[in-house]
Amino acid sequence: MTPALSILVIDDNQIRASIIEQGLRDAGHFRVILVHEMDGLVRRIAEIDPDVIVIDLENPNRDRLEHMFQVTRAVQRPIAMFVDQSDAGSIEAAVEAGVSAYVVDGLKKERVKPILDMAISRFRAYSRLTAELEEARNELAERKTIDRAKGILMKTRGISEDEAYRLLRKTAMNQSRKIIEVAQSLVIASGLLGD
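Residues numbered from 1 in each chain as written. Predicted model: local features only at pLDDT ≥ 70, side-chain atom pairs only at ≥ 80, totals over all residues. Heavy atoms only, no water.

**Comments concerning the side chain of aspartate 56**
Phase 1 of the analysis: Mapped onto the fold, aspartate 56 is located in strand E3 (residues 52-57).
Phase 2 of the analysis: A residue is classified by how much of its surface remains accessible, and aspartate 56, at 0% relative accessible area, is buried.
Phase 3 of the analysis: Within polar-contact distance, the side chain of aspartate 56 engages the side chain of arginine 16 at 2.6 Å.
Phase 4 of the analysis: Not counting residues within four places of it along the chain, the set of residues in contact with aspartate 56 comprises Ile10, Asp11, Arg16, Ile20, Phe82 and Leu107. (Helix = DSSP H or I, 4+ residues; strand = E, 2+ residues; numbered from the N terminus. Buried < 20%, exposed > 50% of the residue type's maximum accessible area, 1.4 Å probe, protein only. Polar contact = N/O pair within 3.5 Å; in protein donor to acceptor, adjacent residues only side chain to side chain. Contact = heavy atoms within 4.5 Å.)

Below, the structure written as structure tokens:
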């Protein structure tokens, strides 16, 4: 981990925030920004644009937790959240909201760095999985479009599936386009023509 990380600490309790700040500074992180005001939090996060967010909620009630979960959904950053007490529902909501590390009753200066490191690692792993899932979905959608285009060609031209694919590929090469682009154009045109 690089000490050049910009870390935002959100905590309305200045004493607890100073514990986190000192733990981060002891670990070599000097770009630490403290925010004690909870109003306009998403806007403040956007203005500060931190690499990592640490949220400390001393005794969160349900509304306060939900507000923080809404904030975490809005920002795509590694987030470590410290709370003094919790229940299964809060933990599940935290995970669904994208909190990378949810620590119950564990605010100690020497624990801040390892928890932060874990939050960053989990966020990166989750981001990789999300990107891979999106890529797989896109590939599946492209495959379906190409299959539809082949079906249109097979029906209208009376050719085999292999011949339909070769025709799509040849057309794409002749037009310096991707096969998916030719397939999308064919599907759209077919839909307009009512075939």
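**Let's talk about the domain arrangement of the protein**
Interfaces are often sized by the amount of accessible area the parts lose when they come together.
Phase 1 of the analysis: Once the domains are mapped, the protein shows domain 1 (7-127) and domain 2 (131-193).
Phase 2 of the analysis: Once you take the C-alpha centre of each, domain 1 and domain 2 turn out to be 46 Å apart. (Domains from an automatic or database assignment.)

**Remarks on unusual backbone geometry**
Phase 1 of the analysis: One non-glycine residue, aspartate 49, lies in the positive phi region at around 50°.
Phase 2 of the analysis: Even without a glycine there, the phi angle at serine 176 is positive, about 55°.
Phase 3 of the analysis: In this fold, serine 176 is placed in the loop between helix H6 (161-174) and helix H7 (179-193).

**A word on the side chain of aspartate 11**
Phase 1 of the analysis: The topology assignment puts aspartate 11 in the loop between strand E1 (6-10) and helix H1 (14-26).
Phase 2 of the analysis: Buried charged residue aspartate 11 carries no salt bridge. Nearest counter-charge: arginine 16, at 4.4 Å.
Phase 3 of the analysis: One polar contact links the side chain of aspartate 11 to the main-chain amide nitrogen of asparagine 13, over a distance of 2.8 Å.
Phase 4 of the analysis: Leaving out residues up to four positions away in the same chain, aspartate 11 has contacts with Arg16, Ala17, Val35, His36, Met38 and Asp56. (Lys, Arg positive; Asp, Glu negative; His and termini not counted. Salt bridge = Lys/Arg side-chain N within 4 Å of Asp/Glu carboxyl O.)

**Notes on the packing of helix H5 (residues 112-157) against H7**
Phase 1 of the analysis: Interhelical geometry of H5 versus H7 gives an angle of 55° and a closest axis separation of 8 Å. Comparing their axes, H7 and H5 come out oblique. Considering only the axes of H5 and H7, their crossing is left-handed. Note on element contacts: H7 touches H5 through Ile179, Ile180, Ala183, Gln184, Leu186, Val187 and Ser190, opposite Glu142, Thr145, Ile146, Arg148, Ala149, Ile152 and Leu153.
Phase 2 of the analysis: Considered class by class, the residues forming the contact of H5 with H7 number 9 nonpolar, 3 polar and 2 charged. (Axes fitted to C-alpha atoms, helices over the stretch in contact; angles between N-to-C directions. Parallel < 35°, antiparallel > 145°, perpendicular 65-115°, else oblique. Left-handed = near helix turned anticlockwise from the far one by under 90°. Nonpolar A, V, L, I, M, F, W, Y, C, P; charged D, E, K, R; others polar.)

**A word on the environment of serine 6**
Phase 1 of the analysis: Relative to the assigned elements, serine 6 resides in strand E1.
Phase 2 of the analysis: Separated by 165 residues in the primary sequence, serine 6 and threonine 171 place their C-alpha atoms 50 Å from one another.
Phase 3 of the analysis: Among residues more than four places away in sequence, those in contact with serine 6 are Arg31, Ile33, Asp49, Pro50, Asp51 and Val52.

**Let's talk about the confidence of the model for the protein**
Phase 1 of the analysis: Here the protein averages 86 in pLDDT, and 95% of its residues register 70 or above.
Phase 2 of the analysis: At the low end of the mean pLDDT range in the protein sits helix H3 (residues 62-74), at 75; at the high end sits H6, at 96. (pLDDT = per-residue confidence, 0-100.)

**Quick word on the UniProt feature "domain: ANTAR" (unreviewed entry) in the protein**
Phase 1 of the analysis: With numbering aligned to this structure, UniProt lists the feature "domain: ANTAR" (unreviewed entry) at residues 126-187.
Phase 2 of the analysis: Helix and strand shares over residues 126-187 are 89% and 0% respectively, and the end C-alpha atoms of the span are 35 Å apart. (UniProt positions renumbered as here; feature names shortened; annotations may be inferred.)

**Comments concerning the sheet that holds strand E2 (residues 31-35)**
Phase 1 of the analysis: Strands sit in the order E2-E1-E3-E4-E5 across an open sheet of 5 strands; the sheet is parallel. Every other strand in the sheet has two partners, leaving E2 and strand E5 (101-104) as the edge strands with one partner each. When the angles between neighbouring strand axes are averaged without regard to direction, this sheet yields 15°.
Phase 2 of the analysis: Bridging between E1 and E2 involves 5 bridges; their strand directions are parallel. Paired with isoleucine 7 across the bridge in E2 is valine 32. (Pairing = 2+ DSSP bridges.)

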